[in-house]
Amino acid sequence: MHKGQIIYESLITCDYVDEAYPGRPLHSTDSATKARDRMLVELFKRVEMPQMKIWFGWMRGQGEEERAAHWLDCIGNLERFETELGLRQTSYFGGEEQPGWLDYMIWPWFERIHIYPLVFKGESRLTYPTSKFPLLDSWMSKMRQDPAVEQYLLDDETHAQFVQTLVSGAPNYDLLLNQ
């Protein structure tokens, strides 16, 4: 809450913090880059949504084959982001030295990218193909070392435990409190 106003939704909150508080800006000062980053966040929904379908497909009776198809959709849409890092020729989407707005907005999905074989035992088709995305793999390693990310980073097992509670139909939102 700020000045009596409740600010919510992650993208909006990050924009608000970037504009309202001094410090390192998250958005690029270049208008075209800022616009491109916003477009890429919108396109990232094509990576997010297949993962959400993996998480909640059980509600529609989906099984292993559907999860594998959703995963292939997700992986296919990641290619745009591998290409984008190559075009930018930087370690982060936000530049060479440190992450920017786009990096932080898409990071949570990458933090969980390796959990699916842990959640769905024996479903090896849900493995993240590291060799297919060398730039994204390097980016993920660097993101894990960023102080803002490192402070809140959860390991794959913790993420997998939570998603297992989701797919069981009994989400445990207090999982971290019980550890």
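The structure under discussion appears in the preceding block.
Reading guide: rules and limits
- Residues numbered from 1 in each chain as written.
- Predicted model: local features only at pLDDT ≥ 70, side-chain atom pairs only at ≥ 80, totals over all residues.
- Heavy atoms only, no water.
- Patch = residues over 30% accessible without salt bridge, like charges linked within 9 Å, V, L, I, M, F, W, Y side chains within 5 Å.
- Areas by Shrake-Rupley, 256 points an atom, 1.4 Å probe, with all protein chains shown as cover.
- Salt bridge = Lys/Arg side-chain N within 4 Å of Asp/Glu carboxyl O.
- Helix = DSSP H or I, 4+ residues; strand = E, 2+ residues; numbered from the N terminus.
- Buried < 20%, exposed > 50% of the residue type's maximum accessible area, 1.4 Å probe, protein only.
- Axes fitted to C-alpha atoms, helices over the stretch in contact; angles between N-to-C directions.
- Parallel < 35°, antiparallel > 145°, perpendicular 65-115°, else oblique.
- Left-handed = near helix turned anticlockwise from the far one by under 90°.
- Contact = heavy atoms within 4.5 Å.
- Nonpolar A, V, L, I, M, F, W, Y, C, P; charged D, E, K, R; others polar.

Q: Looking at this structure, how should I read a nonpolar patch on the surface?
A: Taken together, the side chains of Met1, Ile6 and Tyr8 make up a nonpolar region of the molecular surface, amounting to roughly 430 Å² of accessible area. The residue Met1 is located in the segment before helix H1 (10-20) in this model. When its relative accessible area of 75% is taken as the criterion, Met1 is described as exposed.

Q: Explain the packing of helix H2 (residues 31-43) against helix H4 (residues 64-88) to me, please; I cannot follow it from the model alone.
A: The geometry of a pair of packed helices is captured by two quantities: the angle between their axes and the separation between those axes. At a minimum axis distance of 11 Å, the contact between H2 and H4 shows a crossing angle of 160 degrees. By the angle class used here, H2 and H4 are roughly antiparallel. Where H2 crosses over H4, the handedness of that crossing is left-handed. Across the interface between the two elements, Thr33, Arg36, Asp37, Leu40 and Leu43 from H2 touch Arg80, Phe81, Glu84 and Arg88 from H4. When the residues that make up the contact of H2 with H4 are grouped by side-chain class, the tally is 3 nonpolar, 1 polar and 5 charged.

Q: Is there a simple way to think about the pattern of salt bridges in this case?
A: Side-chain pairs of opposite charge can arise whenever the charged atoms involved come near each other. Per the stated rule, a full pass over the model turns up 9 salt bridges. Between Arg36 and Glu84 there is a salt bridge; the shortest N-O distance is 2.6 Å. Taken as a pair, Arg36 in helix H2 and Glu84 in helix H4 lie far apart in primary sequence, 48 residues in all. On the basis of relative accessibility, which here comes to 4%, the residue Glu84 falls in the buried class. Arg88 is paired through a salt bridge with Glu84; the nearest N and O atoms lie 2.7 Å apart. One end of the pair is Arg88 and the other is Glu84, both in helix H4 and 4 residues apart, which spans about a single turn. Glu84 matches Arg88 in its accessibility class, with the two residues each being buried. A single network of salt bridges, built from pairs that share partners, joins Arg36, Asp37, Glu84 and Arg88.

Q: What is the right way to read the side chain of Arg88 from this model?
A: Assessed through its relative accessible area of 18%, Arg88 is described here as buried. Sequence-distant contacts of Arg88, that is, excluding residues within four places in its chain, are made with Thr33, Arg36, Asp37, Leu40, Phe93 and Leu102.

Q: When you look at unusual backbone geometry in this model, what are you seeing that I'm missing?
A: Generally, phi is negative for residues other than glycine and the peptide bonds are trans, each holding for most cases. Positioned with a positive phi, Glu9 is a non-glycine residue whose angle comes to about 80 degrees. Relative to the helices and strands, Glu9 is located in the segment before H1. Phi is positive for Gln89, close to 55 degrees, though the residue is something other than glycine. Mapped onto the secondary structure, Gln89 falls in the loop between H4 and helix H5 (101-111).

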